[in-house]
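The primary structure of each chain is shown beneath.
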Amino acid sequence: MTTHAPAAPVLLQIEAMDIVSYIFGTNVQREHIGASWLVTQLPRWFASACDSESVDVLVSVSGKLLAKVESAQAAKKIVTAVSCAALDEAPELDICGAWVSLPGDEVTVGDMRRAAVALEEARSLRVSMDAASPTIPFLDVCRVSNRPAVPELGTTGEWARDKKIALSESSRRKRVKAQDFRSHLLKVLENGGISEENATRLLPHLKELEEAADDDSTGITELEWVGVVHADVNHLTSALYGGNAEAVHAVDPRELRERTRQIGQAIESAYVAGAKAVLIQADAASPKKRVNVLPLFPIMLGGDDLTVVVHGHYALTFAVEYAKALRAATAADDSPLRSLTDDHSGFRAAIGVALVKPHFPYHLAAALATALCDRSKQASRAESMVDFEVVYDSVHIDLDGIRGRDPVPSLRPLRVEGVGAGSWCGLVAAARAVVGDGDKDRGMPSGQLAALRDEVRRSGSPPTDPALSDAAAARWSRLAHQYPRSAQALGDGAGRVVWEDRPSSRRVSQLFDIKALLDVSPVSLVRLLAEGSCGSEGDGR
């Protein structure tokens, strides 16, 4: 009689790969919203695939699953079923799964690391999604991508005008599901204390959203600038998944599931807090003409990441208030997450904000926001930082190219909290001083500020040379005489628009920061910010 040894358990990891490319595969915001919803369906597909299998889920978030499964055969069955579900509901969403054997019943930090490595190895052997749906010459091509077009789906929710145009199956599926995500987000905002009317302003009907970039005829505000905000929680992976623990440290699945759920709730509540701040600032800045459409759609809301597309005027307001609310929520005495940070003062966030024109390619804006987020993280993980950039044209679309135009570094990234030079409130206070208070306090005109910025850029002096070009120095001297209060806010307080930063021994200037902020923010909003949360934060130096 032959006896078979029991199958060894495995640790299975399944992820939706390259989510940003999937979401921003076209420049249609309705498709971005629908794609975001489809990414969140991974846990549902997984639960359906595990119907008859014994699994112990460790992590279940948007786009990622980690579970202990009874055998490699069961893991393979689950990955196949999830991939088939994704192919049916979300074609072009790249689902990848891999597993590693477990030496015992417990899952350790080292096992989780091995599973992540196995997933990357499996991904490297896969055919790309571009190759999986090639374009054939005699087939119609999708109007918004280079994918093959397919007939209408014939499902509920497909718009009549979408049925009449050539679209790929992926585009059709995303568009149909966009309303589902909007309905879910409306509930999130309303559950967070935002009225139905205001929630609809932030998450307008999808037809209004598509018209908002071009139409200003029916109370829909023209979107001069659009902000793409990408935020990442510092040290979260280490705190949740044992990134700093020894490889032999055992993981408690129940505790890990609960902590993952709690951080998801904290991020969601911080998103709502940022949304409330946008509403308050918008209504205060435009009391006579109500802004009916203030788009604030989260494109990725789950795990430790948040990506939001927001009205450009209020993108920085949202970013700053989100970071403050996240720290407050996770530092509260009754927060179970408080003990996960070393000093029990809550999690900090690194944030990048790309400010672009409405028709700028969203995938490029998202890449820029991610790069800015990385800069914020590099600047400091011990406190929340925000970096932003305004894209005026398509000559330079990468961060190095954009920043390379300025011969002198700016003060960005900025500290979200705190005062003085290099902080958000310091920048707001300085910008307010530059534009003045209005009637009696005549600030420096925008045209003069732009001319000064351009002269400093043209001076092109190397970082080791403290002198400006003669033209830049002459313009600065003239403006400092005409607008002394504005010049004091622009400079270091000692009459210099470019000065040496003592801690870093590098030449810096706040000129580029202030001009960028004023280019995307109405003067009324800058004054409100200075009088509001930053009202007592000093003059910016």
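Residues numbered from 1 in each chain as written. Predicted model: local features only at pLDDT ≥ 70, side-chain atom pairs only at ≥ 80, totals over all residues. Heavy atoms only, no water.

Trainee: Any details on the side chain of D94? Residues and values, ideally.
Mentor: Mapped onto the fold, D94 is located in strand β4 (residues 94–101). You can call D94 buried: its relative accessible area is 12%. With residues up to four places along the chain from it excluded, the contact list for D94 reads E15, A16, M17, R126 and M129. (Helix = DSSP H or I, 4+ residues; strand = E, 2+ residues; numbered from the N terminus. Buried < 20%, exposed > 50% of the residue type's maximum accessible area, 1.4 Å probe, protein only. Contact = heavy atoms within 4.5 Å.)

Trainee: Requested: an account of the sheet that holds strand β3 (residues 64–69), with residues and values cited.
Mentor: Reading across the sheet, the four strands line up as β2-β3-β1-β4 and stay open at both edges, with antiparallel pairing between neighbours. The sheet is open, and its two edges are formed by β2 (55–61) and β4, each paired on a single side. Pairwise comparison of adjacent strand axes, ignoring direction, gives a mean angle of 15° for this sheet. With six bridges joining them, β2 and β3 adopt antiparallel strand pairing. Bridged to S60 within β3 is L65. (Pairing = 2+ DSSP bridges. Axes fitted to C-alpha atoms, helices over the stretch in contact; angles between N-to-C directions.)

Trainee: With reference to specific residues and values, describe the packing of aromatic side chains.
Mentor: One pass over the structure, following the stated rule, counts five aromatic pairs. Geometrically, the ring pair formed by W37 and F181 is tilted, given 5.9 Å between the ring centres and 35° between the ring planes. Of the two residues, W37 sits in helix α2 (residues 29–39) while F181 sits in helix α8 (residues 169–191), which places them 144 residues apart along the sequence. Each member of the pair, W37 as well as F181, carries the same accessibility label: buried. Summarising the aromatic geometry, the rings of W225 and Y392 are spaced 6.1 Å apart at their centres and angled 90° between planes, so their arrangement reads as edge-to-face. (Phe/Tyr/Trp six-rings, centres within 6.5 Å; stacked < 30°, edge-to-face > 60°.)

Trainee: Just give me the short version of helix α17 (residues 446–459), but keep the residues and values in it.
Mentor: Between its terminal C-alpha atoms α17 stretches 20 Å, which fits the 20 Å expected from 14 residues at 1.5 Å a residue. What α17 keeps buried is the set L449, A450, A451, L452, R453, E455, V456 and S459. Elements in contact with the buried residues of α17: α16 (424–435), α18 (470–482), α19 (484–490) and α20 (511–520). (Expected span 1.5 Å × (residues − 1).)

Trainee: Describe the pairing of β3, naming the residues involved and giving the relevant values.
Mentor: Burial analysis of β3 places five of its six residues in the buried class, which makes it a mostly covered element. Across six bridges, strand β1 (residues 10–17) lies against β3 in antiparallel orientation. Each residue of the ladder has a partner; that of V10, found in β3, is V69.

Trainee: Lay out unusual backbone geometry in plain terms, naming residues and giving numbers.
Mentor: Following R412, the chain continues into P413 via a peptide bond in cis, with omega recorded as 0°. Counting through the fold element by element, P413 comes out in the loop between α15 (399–403) and β12 (414–415). In this structure, E92 takes a positive phi of about 85° despite not being glycine. By the secondary structure assignment, E92 is in the loop between α4 (72–89) and β4. Notably, H344 is not glycine yet its phi reads approximately 60°, a positive angle. Among the residues examined, H344 registers a relative accessible area of 35% and is labelled partly exposed.

Trainee: Mind laying out the confidence of the model for the protein, listing which residues take part and the relevant values?
Mentor: For any part of a model where pLDDT is low, the fine detail of the predicted coordinates should not be relied upon. Residues with a pLDDT of 70 or more make up 89% of the protein, whose mean pLDDT is 85. Scored below 50 in pLDDT, residues 213–221 makes 20 contacts in the model with residues more than four places away or belonging to other chains. Contacts of residues 536–541 to residues separated by more than four positions or lying in other chains number 21 contacts, the stretch itself having pLDDT below 50. (pLDDT = per-residue confidence, 0-100.)

Trainee: Could you give an account of the packing of α16 against helix α21 (residues 523–531), naming the residues involved and the relevant values?
Mentor: Direction vectors running N to C along α16 and α21 enclose 130°, while the axes themselves pass 9 Å from each other. In this view, α16 runs oblique relative to α21, as classed from their interaxial angle. The chirality of how α16 crosses α21 is left-handed. Of the residues in α21, those touching α16 at W424, V428, A431, R432 and V435 are V523, V526, R527, L529, A530 and E531. Each residue belonging to the contact of α16 with α21 can be placed in one class, and the counts come to eight nonpolar, no polar and three charged. (Parallel < 35°, antiparallel > 145°, perpendicular 65-115°, else oblique. Left-handed = near helix turned anticlockwise from the far one by under 90°. Nonpolar A, V, L, I, M, F, W, Y, C, P; charged D, E, K, R; others polar.)

Trainee: Requested: an account of the nonpolar core, with residues and values cited.
Mentor: L202, I351, V353 and W424 are the most contacted members of the largest nonpolar core, which has 116 residues in total. Among the elements that take part in this core, helix α12 (residues 253–285) stands out by supplying 12 residues, more than any other. Each residue touching I351, except ones within four places of it in the same chain, is listed here: V229, H230, A231, A319, Y322, A323, L372, C373, S376, M385, V386 and D387. Core analysis: the second largest hydrophobic core is formed by 48 residues, V39, V228, Y362 and V391 among them. (Core = buried A, V, L, I, M, F, W, Y, C linked by side-chain atoms within 4.5 Å.)

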